[in-house]
Structure formats: C-alpha cells, structure tokens
Amino acid sequence: MRVGLVGVGRIGVLHAETLADNPQVTQLHVADADLARAREVADKVGATVTGLDELFSGAVDALVVATATGAHAELVQRGAEAGLPVFCEKPLAADVAGTRGVLDRVAAAGTSLQVGFQRRFDAGYRAAREAVRSGRLGWLHTLRATTADPAPPPEAYIRTSGGIFRDCHIHDFDVIRFVTGREVETVYAAGANRGDGLFARAGDVDTSAVLLTLDDGTLGVVSGGRYNGGGYDARLEVAGSEGTLVAGLDERAPLRSAEQGVRWPPGQPYASFFERFRRAYVAELGEFLDHVLGRIPNPCPAEEALEALYVAEAAERSRAEGRPVRVSEVH
Ligand SMILES: NC(=O)c1ccc[n+]([C@@H]2O[C@H](COP(=O)([O-])OP(=O)(O)OC[C@H]3O[C@@H](n4cnc5c(N)ncnc54)[C@H](O)[C@@H]3O)[C@@H](O)[C@H]2O)c1
C-alpha cells in the first residue's frame, strides 16, 4: 500500500518510523510545510518527499495527517475529496463547529476517517475495558484518571493547543467513554497556574482537576498538569463493587511510595508520551492499515472525536464560569 504522511514534527516522525517499518506499506511519501524537515525525516526512514498536490492526485492509497492542528480540517477534507481513507491526529478541528464540518465532509465523500486516540490501542486500557464490560469489577462507582507531562510543550504549541482540556485531557475523556461505554453528563472543572507565565499568557492553565458525573451515576476525577517532576504519568483507576483495576500502573509508573521498605515501581519513570505509548501508536497505525485493507472496521471512528470534544468544551466553560456544566449545553 502507498501511504502519504503530512506533518513530520514531534508525533509525525514517530508515525513515519512506524509506517516505514510496517510490511504492508510498500511506499511512504512524506510532506511538511518545512521542506528541510521533510527531507531529513524522509532520509532517516527511507521515504520519498512528495508535494501536497501530488499526494491528492493519485500518488497514495491512504493518508496520515500529523501536522499542527490548524491544518487538520483542510487536509482531511482534501483527502476525503480525493477518495482517500484518512488517519488524523487529534483534534480534528479547534472547536465543535469545525469538527462537525469535518465529519459532514467525510460523510459526503463516503470515505473513512480514523482519529488518533492511541490509548484505545494500549494493552492496559483495553484490559480495563474488558474487565468492566465482562462485569468482573462489579458495578462501577469511581474512575480516577491522570495525565501529567513532566515539562511544558513549546510556547508556540501551547498558544494553538486549545488549552489543557482540549489538548491533553481529551485523551482521558475519550478513554473513560471507551472503557465504561457510558457518556459524561456533567463536568465541574478547575485550573491553576503554579509554574511560570507560559500558560497564563495563552489563557490556559498548567494544573487541572475535573469532576465528571457519568450517565449511570459513576463519578470520575480527572487531574493533571504540565510540570510533573516525577515523569510522564498517564493512568486510569477503575473502581467497582468487586475490585479495582489500574491501567498504567507498571514498572515505569512515575510514582514513589512514601512507605518504608516499599521499592515499587522499580523502573526508570516514563519521560514522555512517546515512551509511554510507543506500542499504542504503532498498534493504532497498524489497525488503520488493516482497516484500509478492509480487514477490520474503523477502530476509532471520527465521531468519537466529537463526543470527547463536547466534554472538553464543557470543562473549559466550567473552568471559565466557575460552575458545573452539563455536556448537553455545548452540543
Ligand atoms: N495522540 C497524541 O498523543 C499526540 C501527541 C502529540 C501531538 N499530537 C497531535 O499531533 C499534531 C502535531 O503535534 P506535534 O507535537 O507533532 O507538532 P509539531 O509542531 O512538532 O509538528 C507539526 C508539523 O506540522 C508541520 N505543518 C504545519 N502546518 C502544515 C501544513 N499546512 N502542511 C504541512 N505541514 C504542516 C510543521 O512544519 C511541523 O513539522 C497536533 O495536532 C497534536 O495535537 C497528538
């Protein structure tokens, strides 16, 4: 299969390596607004640098979009109009209207769009889902989700990220829906700036806490931040009447016990999302290719991005207005 990859920045270079290593990819074409960057990555992975117009005129059979967020909607639209199945990094667009527009255009073209929620491909989150769905945990009462970066992303990224709820906790909101099969009804969010002025200057926060109420009454707490000195922390604790399971509590979880004599977790803490989710990023593109080949249904349809975005929008409004917000308010 001939695959085009547009955008080879932080996440795009990882996708380039993954696609180049996948035996189903016979030719990999890369494009980036920064031509020198495209050349460097193409040389590294053995790909060809190809212009956008060529990509959309028959050079490839499938498209992966990993540019900065602002270009996603247009590139997905061009891909759909060219009849290409597309994988696009989250978010599809900056807001609800833009995301709905993307979904409408893909539906009109009759093509397929997978969104990059890689946690759905992580073994731990999948096992948690299976445990919930099989009833092994009994009835759920509490979810505790964490996403915390060890250090802020570049300031230019922060300015266009849409804020911590849309950029970062959207993964928690999505995976809570994925694991439980429930929808979020109400959101109460708070944020703080405890680090330097980067986030405040962008109207964003560096520390976050969100209380969720799901449609079956289960409570969820999502927290995180951008200055987590312990390392990159992404976990989900699922507590039910029959047991508790934690996704992400492995040897490298960036936690240390305050109890004497407890030496677990023993490993080097994860330093970044690349290390923590490397296998999940590989799996999501592997399944995208399987889907393009018609072997499996779309493993993460674009509609999921809209549902998670509603929760993030509600969180942003809740933080701004200092009150609980029903997710239906932002539909
Ligand atoms: N799923 C995840 O865990 C995850 C992690 C990181 C980033 N992301 C998402 O991936 C996207 C990229 O993030 P990043 O951190 O790699 O950003 P980045 O700034 O490192 O890279 C973006 C790249 O896109 C290129 N680009 C920008 N506009 C373009 C255009 N119109 N045409 C071609 N190339 C263009 C830039 O030159 C740059 O090389 C963002 O939307 C981000 O939300 C997802």
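Let me begin by describing the structure that accompanies this report. (Residues numbered from 1 in each chain as written. Predicted model: local features only at pLDDT ≥ 70, side-chain atom pairs only at ≥ 80, totals over all residues. Heavy atoms only, no water.)

1. Some words on the site of the ligand
Around the ligand sit 23 residues in total, of which Arg10, Ile11, Asp32, Thr69 and Tyr281 are the nearest. Take histidine 72: an N or O atom from its side chain is 3.3 Å from an oxygen atom of the ligand. A distance of 3.1 Å is found between a nitrogen atom of the ligand and a side-chain nitrogen or oxygen belonging to glutamine 118. Coverage of the ligand by the protein chains reaches 81% of its 860 Å² of free accessible surface. The cavity where the ligand resides is the largest pocket. Mapped onto the shell around the ligand, the elements with two or more residues apiece are helix 1 (10-21) and helix 11 (273-292). Residue composition of the shell around the ligand, by class: 10 nonpolar, 8 polar and 5 charged. (Near = heavy atom within 4 Å. Polar contact = N/O pair within 3.5 Å; in protein donor to acceptor, adjacent residues only side chain to side chain. Areas by Shrake-Rupley, 256 points an atom, 1.4 Å probe, with all protein chains shown as cover. 1 Å grid on protein atoms, 1.4 Å probe; cavity = no way out; pocket = protein on both sides within 12 Å on 5 of 7 lines; lining within 4 Å. Sits in = over half its atoms within 2 Å of the grid points. Helix = DSSP H or I, 4+ residues; strand = E, 2+ residues; numbered from the N terminus. Nonpolar A, V, L, I, M, F, W, Y, C, P; charged D, E, K, R; others polar.)

2. Side note on unusual backbone geometry
Residue proline 91 follows lysine 90 across a cis peptide bond; omega there is -10 degrees. Positionally, proline 91 belongs in the loop between strand 5 (86-89) and helix 5 (96-109). Cis geometry marks the peptide bond from tryptophan 264 to proline 265, where omega comes out at 5 degrees. Here proline 265 lies in the loop between strand 12 (244-247) and helix 11.

3. Observations concerning empty space enclosed by the protein
Per the stated rule, a full pass over the model turns up 1 cavity of 30 Å³ or more. By volume, the largest cavity is sized at about 40 Å³. Per-class residue counts for the lining of the largest cavity are 7 nonpolar, 1 polar and 1 charged. (Points joined across faces, edges and corners; volume = space filled by probe spheres on them.)

4. Details of the packing of aromatic side chains
This structure, assessed with the given rule, holds 6 aromatic pairs. When the ring of tyrosine 125 is compared with that of phenylalanine 277, the centres are 6.4 Å apart and the planes differ by 35 degrees; the resulting orientation is tilted. Note that tyrosine 125 is positioned in helix 6 (residues 123-134) and phenylalanine 277 in helix 11, a separation of 152 residues in sequence. Assessed through its relative accessible area of 0%, phenylalanine 277 is described here as buried. Aromatic pair tyrosine 232 and phenylalanine 277: ring centres 6.3 Å apart, planes at 80 degrees, arrangement edge-to-face. Taken as a pair, tyrosine 232 in the loop between strand 10 (219-225) and strand 11 (233-240) and phenylalanine 277 in helix 11 lie far apart in primary sequence, 45 residues in all. (Phe/Tyr/Trp six-rings, centres within 6.5 Å; stacked < 30°, edge-to-face > 60°. Buried < 20%, exposed > 50% of the residue type's maximum accessible area, 1.4 Å probe, protein only.)

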